Every structure is written in C-alpha cells, then in structure tokens.
Amino acid sequence: MDLMHSLRLVAPEELLSLSGLALLLAAAWLGSARAARVITWLSIAVLATCTVLVLPGLSNPAGAEVQAFGGLYSADAFAAFAKLLIYIAAAATLAVAPPFLEKAGAARAEYPILVLFAAMGMGIMVSAQNLLTLYIGLELNSLAAYVLAAFLKTDERSAEAGLKYFVLGALASGILLFGMSLTYGFTGTTSYAGIAAALQGGIAKGALFGLTFVLAGLAFKVSAVPFHMWTPDVYEGAPTPVTAFFASAPKVAALGLTMRVALEAFGTQAAAWQQIVIFAAIASIVVGALGAIGQTNLKRLLAYSSINNVGFILIGLAAATPAGASAMLVYLAIYVAMTVGGFVAVLMLKDGAGNQLEMLGDVAGLSRTRPLIAAGLAMVMFSLAGIPPLFGFWGKFVVFQAAVEAGMVPLAALGIAASVIGAFYYLKVVKVMYFDDPAGKVTGQSDMVHAVLLLASALFISPAGYLLTKCLGHFAETAAAVLFTAA
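Residues numbered from 1 in each chain as written. Predicted model: local features only at pLDDT ≥ 70, side-chain atom pairs only at ≥ 80, totals over all residues. Heavy atoms only, no water.

Of regular secondary structure, the chain possesses 21 helices and 2 strands. Over its C-alpha atoms the chain spans a radius of gyration of 21 Å, differing by no more than 12% from the 23 Å that the globule rule assigns to 487 residues. When its C-alpha atoms are laid out on the principal axes, the chain stretches across 65 × 60 × 40 Å. Sorting the 487 residues of the chain into buried and exposed places 60% on the buried side. Here the analysis covers contacts within the chain between residues at least 6 apart in sequence; of these, 82% occur between residues at least 24 apart. Surface summary for the chain: the accessible area is close to 17,600 Å², and the carbon and sulfur share equals 72%. Considering the chain, the positive charge centre built from 23 side chains and the negative charge centre built from 22 side chains are found 4 Å apart. (Helix = DSSP H or I, 4+ residues; strand = E, 2+ residues; numbered from the N terminus. Rg over C-alpha atoms; globule rule 2.2 N^0.38 Å. Buried < 20%, exposed > 50% of the residue type's maximum accessible area, 1.4 Å probe, protein only. Contact = heavy atoms within 4.5 Å. Areas by Shrake-Rupley, 256 points an atom, 1.4 Å probe, with all protein chains shown as cover. Lys, Arg positive; Asp, Glu negative; His and termini not counted. Charge placed at Lys NZ, Arg CZ, Asp CG, Glu CD.)

Laid out in structure tokens, this is it:
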C-alpha cells in the first residue's frame, strides 16, 4: 500500500519518464527528422497532462500523506506551484522551437524528448526532501541541458555554449557535492527534516562550511553573482528556443530548490545564511543592471536581465519569512510570463530569408515596420523594468514589501535604487524601436504560435494581470506556508 501511495504521488514524473521513453522509440522507428514536429506536439500534450495532474496539489499542506518513498519526495502545495510554472514554461518554449530548428536544419525528435527528461528532473528538484533526491533531480536536468545548449552541431557558438555550460556545471556540481558531504558529516543525515532538527541547537563551523558550499553550488544554477559568468555566453550561443527554456523553467526549479534547502533544511539557522543571500541579491541586481547597459545583442541583454531579476527574487529569500517566500513565488510566476514573451518576440525577429536577427540595431524603428512585435516587446521591457501599471511592478512591490516587513528596510531601499539603473537599458530598447530610423531588417513572417504566445504573455503582464493578484497570492501563500510548516 505504501508503494502504491508513493507511485500515485509521483504520477507526473512517471508520465514524463514513460512518455519520454515511448517517444524516443517512436523517433527511432519513424526517423528522427521526419517525426520531429509530431513528437514536439505530443510532448507538449504530455506536459499539459502533467499540468492537470499537479493542479489538485496546489492545496496540499505539508504532512506524511504527501510524502513518498519514505520521505524522499513530497507532493505538497509548494511542489505543485513550482511544477505548474515549470510545465507551462517548458510547453511554451517547445511550441516555438520547430520553425527555428527546421530553418537551422536541426529539427530532430531528440529535442522535445530532452525537454521532457529535463522537466522530470526539475519536478524531482522541487519535490526533493533529501539531499540525495535533490542531486538526482539536479543532474537529470543538467545532463539534458548540456546537450540542449550544444544542439546545433554545426554552429560554433552553440558548441562553445554547451562546452562552457558543461565545464562550469561540473564544477558547480562538485562544489554542491562537497557541501552536501560536509552537511551530512556534521548532522548525520541527508534528510531536510533531519538536518533542521540537528541544527536546532546551533550550527557547528563544519556545518556552516557545508551550508556555504551548498548555497554556492545552487547559486550557479540560479545564475546569481558571483556565479553568473556562464549566463551571457550560454544564453547568446545556445539556440534561441533553448535560451528561452533555460531562462524560464530551470530558473523556477533552481530557485524553488534553493528555497526548500534554505527554509526547510537550514531554516532553523536562517541567520547563518541570510548575509550570504543578501550579498548575492544586491550583487546580482547591480551586476545584472550594469552588465546589460553596454550590450548590443538582445539575447545577452536578456541574460543580464535574468541575473538582475534573480537578485530581486533573492530579496524575498533574504527576508526568511512566509511573506518573503510567497513574494518569491508571485515574482516567479510573473517572471516566467515576461521571459517567455521576451524570447518569443526575439524569435519573431527574422529577415526576408527567415534568418534569426538578435542585434539591438536590427530592431531600430520596428514600431513603424512591425508595430505588433514592437508593442509586445515594449510591454515586456516596461514590465521587466517594473514600471506601473504593468504586472512586473507588482512582482517587485511584493518582494520589497516582504523585506520591509522583515525589518530589512536598507535592503529594500538598495533594491529600489538599483532597479532605476536597470530601467535604463530596458528603456533603451524601447527608444531604439520607437524613435530611431527604421533599419528595415525585420521583414520575415512569423508563425501563428509565436503571435499567440506573445499575445498571451502581453495580456498576462498588462494591467489585466492585476485581476489575478488575489488568486495568485492565495496559491503562493499556501505554497510558501508548506516550507515553514515542515520546518
């Protein structure tokens, strides 16, 4: 009965695993290139089914009834909220991939299958209740990601991106493993609940070193400063649909994993890690903002934007309160919509031959030649800058509010001041599109799927998104409460 109960709880991961294997066999039987588009849409259907499967879990509190495999895995509200964002982001980025890959001559069925396996790893990451489960999920996601980054075999930039991601990812995994071993050595357990109980009376120096190394390894996965150096190169070199995927779904999984480790495993010693998180938050905001100012490549600019946004999200973690955790989840939901919208707009920038355009100069005067794409990209930029009344403002507002309520007024003030710097490069993109002379380069036609996704993202981040604040806030609060109930 316990095994059957556990198998029911892990239904999304089972579906992703079995579907991935079945589609892999189908690709081998039918021919990878010929079946690529069909398998892509079948993979999207699998992700949609997984989304339906996790919806009932949005109200699941922490407890033994949602624990699987002897406490290694939890199907609680926090995991359900994170998986919902992961599956939606993965499906959206899969939907826009076929035209790009077909144009590049790299349309192969392995692409959506790798995304399915990556999604399975990310689901395990956010449901993990043990350091070993954490590592299995993390590596399953990472192994798929390394291949995705280098998916365009004939493109030197893609090969370089894959190699850099693999080498630095291996280093981060080593750092994380070392931290986990130290934590196990000084607490005698790899269970989150066991670690929290062992540290209840205080934290030894060895365990503190373990905590530091664990957070350093996770900082690489969320691309927080000072472990951000791989992000601009990988985002620029990887195929654009892959970059859109990296910037959305894995970011949610990595931040969700970091929240679980910090607030569940090390929640009883928040004072030991708050200073680390505060430094990473401020440094990420500043470096992300300053680094983007001189960028002329839109993908690199969005990479620095991602680093910048991670800094804002980490302000919620630094608060170490239920309100801070809830604010992080609200911000993540809005961030996914902004990121998907931004990269879909970049994918719609094509010349007459259908070649991808990604330089800032290519969008000069875009408002006069392709007004709808310009309007969608402008909304994304204004929302990323946190300018009201767009929904991106609300994400920043709830994070800063949580910091102020936690007594971290200087941190909130620094974040608000630094957000002004970030607004500069977002507004620069809008200025180039609306006030510069038309470059006349964006003349290619976009697929209907791109237009639909851009419209959906624009509607979500528009003032209409505020209609969802009550519902989104309720589910985020329920999910965040799980982390503190468990602790």
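Below, the discussion takes up the side chain of Asn130. If you trace the backbone, Asn130 turns up in the loop between helix 6 (110-127) and helix 7 (131-149). Among the polar contacts listed, one links the side chain of Asn130 to the backbone nitrogen of Leu132, at a separation of 2.9 Å. At 2.9 Å, the side chain of Asn130 forms a polar contact with the side chain of Thr190. Excluding anything up to four places from it in sequence, Asn130 contacts Leu72, Thr190, Ser191 and Tyr192. (Polar contact = N/O pair within 3.5 Å; in protein donor to acceptor, adjacent residues only side chain to side chain.)

Once that is clear, we can look at the pattern of salt bridges. Between side chains of opposite charge, a pair can form as their charged atoms come close. According to the stated counting rule, one finds 13 salt bridges in the structure shown. Between Glu264 and Arg260 there is a salt bridge; the shortest N-O distance is 2.8 Å. You can see Glu264 and its partner Arg260 sitting in helix 12 (residues 240-265), 4 residues apart, about one turn around the helix. The residues Glu264 and Arg260 share a single accessibility class, namely buried. (Salt bridge = Lys/Arg side-chain N within 4 Å of Asp/Glu carboxyl O.)

Bringing the nonpolar core into the picture now. If you look at the biggest cluster of nonpolar residues, it comprises 178 residues, and the most contacted ones within it are Phe246 and Trp273. Per element, the largest residue contribution to this core is 19 residues, and it comes from helix 15 (residues 322-347). When residues no more than four places from it in sequence are discounted, the contact partners of Phe246 are Ala145, Leu148, Ala149, Tyr165, Val234, Tyr235 and Lys251. In this structure, Leu9, Ala68, Tyr73 and Ala75 belong to the second largest nonpolar core, which totals 5 residues. (Core = buried A, V, L, I, M, F, W, Y, C linked by side-chain atoms within 4.5 Å.)

Tracing the backbone through its elements, the reader meets Ala207 in helix 10 (residues 205-222). On the accessibility criterion, Ala207 (1% relative accessible area) is buried. Linking Ala207 and Met180, residues 27 residues apart in sequence, is a C-alpha distance of 9.4 Å. Apart from residues no more than four positions distant in its own chain, Ala207 is found in contact with Phe186 and Leu199.

Taken together, Leu3, Phe69 and Leu72 make up a surface patch of nonpolar side chains, about 270 Å² in accessible area. Relative to the helices and strands, Leu3 is located in helix 1 (residues 2-9). For Leu3, a relative accessible area of 53% gives the class exposed. (Patch = residues over 30% accessible without salt bridge, like charges linked within 9 Å, V, L, I, M, F, W, Y side chains within 5 Å.)

Per the counting criterion, the structure on display carries 17 aromatic pairs. Ring centres 6.5 Å apart and planes at 25 degrees place the aromatic pair Tyr165 and Phe220 in the stacked group. Here Tyr165 is found in helix 8 (residues 156-187), whereas its partner Phe220 is found in helix 10, with 55 residues between them in sequence. Note on Phe220: relative accessible area 3%, which makes it buried. The lysine or arginine in question, Arg108, covers the ring of Phe151, its NZ or CZ lying 4.4 Å from the ring centre. Its end group placed over the ring of Phe312, Lys396 keeps NZ or CZ at 4.6 Å from the ring centre. (Phe/Tyr/Trp six-rings, centres within 6.5 Å; stacked < 30°, edge-to-face > 60°. Lys NZ or Arg CZ within 6 Å of the ring centre and 35° of its normal.)

A cis amide bond, omega 10 degrees, links Val225 with the succeeding residue Pro226. Its location among the elements puts Pro226 in the loop between helix 10 and helix 11 (231-237). That bond from Pro388 to Pro389 is cis: its omega, 10 degrees, falls within 30 degrees of zero. Tracing the backbone shows Pro389 in the loop between helix 17 (371-384) and helix 18 (392-405). We note that Ala320 has phi near 55 degrees; this positive angle belongs to a residue other than glycine. Relative to the elements of secondary structure, Ala320 occurs in the loop between helix 14 (298-319) and helix 15.

This part covers helix 15. Spanning 26 residues, helix 15 covers 38 Å between terminal C-alpha atoms, matching the ideal 38 Å at 1.5 Å per step. The element helix 15 is largely enclosed, with a buried count of 24 among its 26 residues. (Expected span 1.5 Å × (residues − 1).)

The next subject is the packing of helix 10 against helix 13 (residues 270-293). For the pair helix 10 and helix 13, the least separation of the axes is 11 Å and the interaxial angle reads 35 degrees. Crossing hand, helix 10 versus helix 13: right-handed. Only Ala272, Trp273 and Ile276 of helix 13 make contact with helix 10, whose side of the interface consists of Leu208, Leu211, Thr212 and Leu215. Partitioning the contact of helix 10 with helix 13 into residue classes produces 6 nonpolar, 1 polar and no charged. (Axes fitted to C-alpha atoms, helices over the stretch in contact; angles between N-to-C directions. Left-handed = near helix turned anticlockwise from the far one by under 90°. Nonpolar A, V, L, I, M, F, W, Y, C, P; charged D, E, K, R; others polar.)

Between its terminal C-alpha atoms helix 18 stretches 20 Å, which fits the 20 Å expected from 14 residues at 1.5 Å a residue. Buried within helix 18 we find Gly392, Gly395, Lys396, Val398, Val399, Phe400, Ala402 and Ala403. Close packing links the buried residues of helix 18 with helix 14, helix 15, helix 17 and helix 19 (409-435).

The subject of this paragraph is the packing of helix 7 against helix 8. Two numbers describe how helix 7 lies on helix 8: the axes approach to 9 Å, and their chain directions differ by 170 degrees. In terms of axis orientation, helix 7 runs roughly antiparallel to helix 8. Along the contact surface, helix 7 presents Leu131, Leu132, Leu134, Tyr135, Leu138, Glu139, Ala145, Tyr146 and Ala149, while helix 8 presents Ser158, Ala161, Gly162, Tyr165, Phe166, Gly169, Ala170, Ser173, Leu176, Leu177, Met180 and Thr183. Its residues assigned to classes, the contact of helix 7 with helix 8 shows 15 nonpolar, 5 polar and 1 charged. (Parallel < 35°, antiparallel > 145°, perpendicular 65-115°, else oblique.)

Looking now at the environment of Ala318. Mapped onto the elements of the fold, Ala318 is located in helix 14. Apart from the residues lying within four places of it in its own chain, the contact partners of Ala318 are Gln274, Val277, Ile278, Met408 and Leu411.

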